[in-house]
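# Structural overview
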Amino acid sequence: MSEAISPFLSGTWTGATGQNVIADLAFDETYIYASLITSPGKVVKINRASMATVAVWTAPAGVNSANVMTYDGSHLYVGFDTANVPTKIIKVDPATMATVATYVCADETQTYCLSIAYDNDYIYVAPENHANGAAYIFKVDKTTMLAVDSWSGGDTVDQAVFLTMDATRLYALVPATANNGTSTVFKINPATMETDGSPWVGVFVAEDYPLGQYGGAHLTYDGTALYASLSTIPAQVVRINPATMATVSAWIAGEGDDEAVWAAYSEDYLYVTTSVGGFHRVAKATMLTAANFTPATTISSVAFDGIYAYGGDGASPAHIYRIGFDGKAVQHDTDAAFLETNKDEIIDDDTAILAEFGVTGTAAGGTIVGGYPIGNDNIGPYPVDTTHIGPYPLQ
């Protein structure tokens, strides 16, 4: 797919007063959901076509900072920073934006939810252990919202900051272990909650810069490879073969573009954000930067719906930027005056573009097809990241 024009801003959502700091994004076919670092925590339901707020879910009093969220095709699961009380995961019906059930960790030292992954029957919860820093993952039945098993990395393994899954295995990114403080990704059998084989271990460089692989913020799986976003200087995203748990290649940002925060994906690209405001489209085949976008504020969370990348920021009030990368005009359900085409049709090169983006012109470059089944962090029918899956469960 060619880079026909520079990335462009297609739309923006701005939160109401008090709707601050986006921590995570999820979406279904029609809506995008943003979890907020507020007191109490909130989830905002937003129409993707109009970028307008539809509804807001608010956590109970004292359940603050909705810092983690995932969607399994049926329900949202929202995790919180619960300070000095056990971590909570609240199950929310996205149709009604009503609470369905709550999981409360039985271990009082587990007080901050870092990540949630899921399969058909269970969610997997990675809390922060305030007692000794050891990594734990709890396996929770989605029907009863009760824990049935757990994994521990032991005292030498720090917090599991992000989880992802393929069809048979759970993967946990740990920012620091006994391996000279380098990043580690563990492969875990969810049936037994035991470590499966040797983990991936980042490269150790005595001075850490520029090629040491340490820290960690995000982990995703695209159906073929794992991508670990590392808190390095400059930022790195490492591509890992899940069969061998060996490094395949890595993307390294330019000087001054530090600490990878998030990486969403499509068939051919990663969409990577950094702590200093970088937003990059990276070709997965080469792990080289294909395009750059400069948002008005620093992006903290990214999702990709098959057409656009969505970047949520940490501002007050918060914003979500809808970003196009190929100069393709794709009709939304509500854009009746935009193009006289069905949203499931291919919009060919040289098709006239009306003022959807505040400009006029013609479509150029490769074709984009609408109407794919849409999943979080992935493009339609391609294999999905089960931490961020669309309206169709994986298995």
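In this text the structure is predicted, and so the values were computed from the model without any measurement.

## Concerning the overall build of the protein chain
The helix and strand inventory of the protein chain stands at zero helices and 31 strands. Among the 395 residues that make up the protein chain, the fraction classed as buried is 56%. Restricting the contact set of the protein chain to residue pairs at least 6 apart, pairs at least 24 apart contribute 47%. As displayed, the protein chain has an accessible area near 14500 Å², and 51% of this comes from carbon and sulfur atoms.

## Some remarks on the environment of alanine 290
Inspection of the secondary structure assignment puts alanine 290 in strand E26 (residues 288–293). Under the relative-accessibility criterion, alanine 290 is labelled partly exposed at 29%. Here the alpha-carbon distance between alanine 290 and tyrosine 269, two residues 21 residues apart in the chain, equals 8.5 Å.

## A closer look at the side chain of aspartate 141
Tracing the sequence through the fold places aspartate 141 in strand E12 (residues 135–141). Those residues in contact with aspartate 141 that lie beyond four places of it in its chain are Asp121, Tyr122, Leu146 and Val148.

## A few points about the sheet that holds strand E13 (residues 147–154)
Sheet strands line up and pair through hydrogen bonds in the backbone, either parallel or antiparallel. Across the sheet, which stays open at both edges, the four strands sit in the order E10-E11-E12-E13 with antiparallel pairing between neighbours. Each edge of the open sheet carries a strand with a single partner, namely strand E10 (110–118) and E13. With strand direction ignored, the average angle separating the axes of adjacent strands in the sheet is 25°. The pairing of E10 with strand E11 (residues 122–129) spans seven bridges and is classified as antiparallel. Bridge pairing in E11 places glutamine 110 opposite asparagine 129.

## Things to note about the environment of proline 234
Position of proline 234 among the secondary structure elements: in the loop between strand E20 (226–230) and strand E21 (236–241). Remark: the alpha-carbon pair of proline 234 and glycine 256, spanning 22 residues in sequence, is separated by 6.2 Å.

## Points about the pairing of strand E6 (residues 68–71)
Where burial is concerned, the two faces of E6 agree: the one with Val68 and Thr70 and the one with Met69 and Tyr71 are both buried. Where E6 lies against strand E7 (residues 76–79), four bridges are found, and the strand directions are antiparallel. Bridge pairing links threonine 70 to tyrosine 77 in E7. Joining the antiparallel neighbours E6 and E7 is a turn of four residues, in which glycine 73 adopts a positive phi near 95°.

## Thoughts on the pattern of salt bridges
Opposite charge on two side chains makes pairing possible when the charged atoms of those side chains draw close. Per the counting criterion, the structure on display carries four salt bridges. Its salt-bridge partner being aspartate 196, residue arginine 169 comes within 2.6 Å of it at the nearest N-O pair. Taken together, the residues span a long stretch of sequence, with arginine 169 in the loop between strand E14 (162–165) and strand E15 (170–174) and aspartate 196 in the loop between strand E17 (194–195) and strand E18 (200–201) at a distance of 27 residues. Overall, aspartate 196 belongs to the partly exposed group, its relative accessible area being 28%.

## Points about unusual backbone geometry
Residue isoleucine 233 is joined to proline 234 through a cis peptide bond whose omega torsion reads -5°. One non-glycine residue, methionine 145, adopts positive backbone phi at about 55°. When you line up the elements, methionine 145 lands in the loop between E12 and E13. With a phi angle near 55°, methionine 245 is a residue other than glycine that sits in the positive phi range. Tracing the backbone shows methionine 245 in the loop between E21 and strand E22 (246–252).

## Side note on the confidence of the model for the protein chain
The predicted coordinates of low-pLDDT regions are not to be read in fine detail. Summarising the model, the protein chain shows a mean pLDDT of 81, and 77% of its residues fall at 70 or more. Throughout residues 328–395 the model reports pLDDT below 50, and contacts reaching past four residues in sequence, or to other chains, amount to 193 contacts.

## Structural notes on the packing of aromatic side chains
If you walk through the whole model with that rule in mind, you get nine aromatic pairs. Their ring planes at 40° and their centres at 6.2 Å tell us that tryptophan 57 and phenylalanine 80 sit as a pair that is tilted. Note that tryptophan 57 is positioned in strand E5 (residues 52–58) and phenylalanine 80 in the loop between E7 and strand E8 (88–93), a separation of 23 residues in sequence. Between phenylalanine 279 and phenylalanine 293 the ring centres are 6.2 Å apart and the planes differ by 80°, which places this aromatic pair in the edge-to-face class. On the criterion of sequence distance, the pair formed by phenylalanine 279 in strand E25 (residues 279–283) and phenylalanine 293 in strand E26 is long-range, its members being 14 residues apart. A single burial state applies to phenylalanine 279 and to phenylalanine 293, both of which are buried. One residue, arginine 281, lies across the ring of tyrosine 269, its end atom 3.6 Å from the ring centre.

## Details of the sheet that holds E21
Ordered in space as E19-E20-E21-E22, the four strands form an open sheet in which the pairing is antiparallel. A strand with exactly one partner marks an edge of an open sheet, and here the two such strands are strand E19 (218–221) and E22. Within this sheet the neighbouring strands show an average axis-to-axis angle of 20°, counted without direction. For E19 and E20, the ladder comprises four bridges, and the chain directions are antiparallel. The residue of E20 that forms the bridge with leucine 219 is alanine 228.

What counts, and where the lines are drawn
- Residues numbered from 1 in each chain as written.
- Predicted model: local features only at pLDDT ≥ 70, side-chain atom pairs only at ≥ 80, totals over all residues.
- Heavy atoms only, no water.
- Helix = DSSP H or I, 4+ residues; strand = E, 2+ residues; numbered from the N terminus.
- Buried < 20%, exposed > 50% of the residue type's maximum accessible area, 1.4 Å probe, protein only.
- Contact = heavy atoms within 4.5 Å.
- Areas by Shrake-Rupley, 256 points an atom, 1.4 Å probe, with all protein chains shown as cover.
- Pairing = 2+ DSSP bridges.
- Axes fitted to C-alpha atoms, helices over the stretch in contact; angles between N-to-C directions.
- Salt bridge = Lys/Arg side-chain N within 4 Å of Asp/Glu carboxyl O.
- pLDDT = per-residue confidence, 0-100.
- Phe/Tyr/Trp six-rings, centres within 6.5 Å; stacked < 30°, edge-to-face > 60°.
- Lys NZ or Arg CZ within 6 Å of the ring centre and 35° of its normal.

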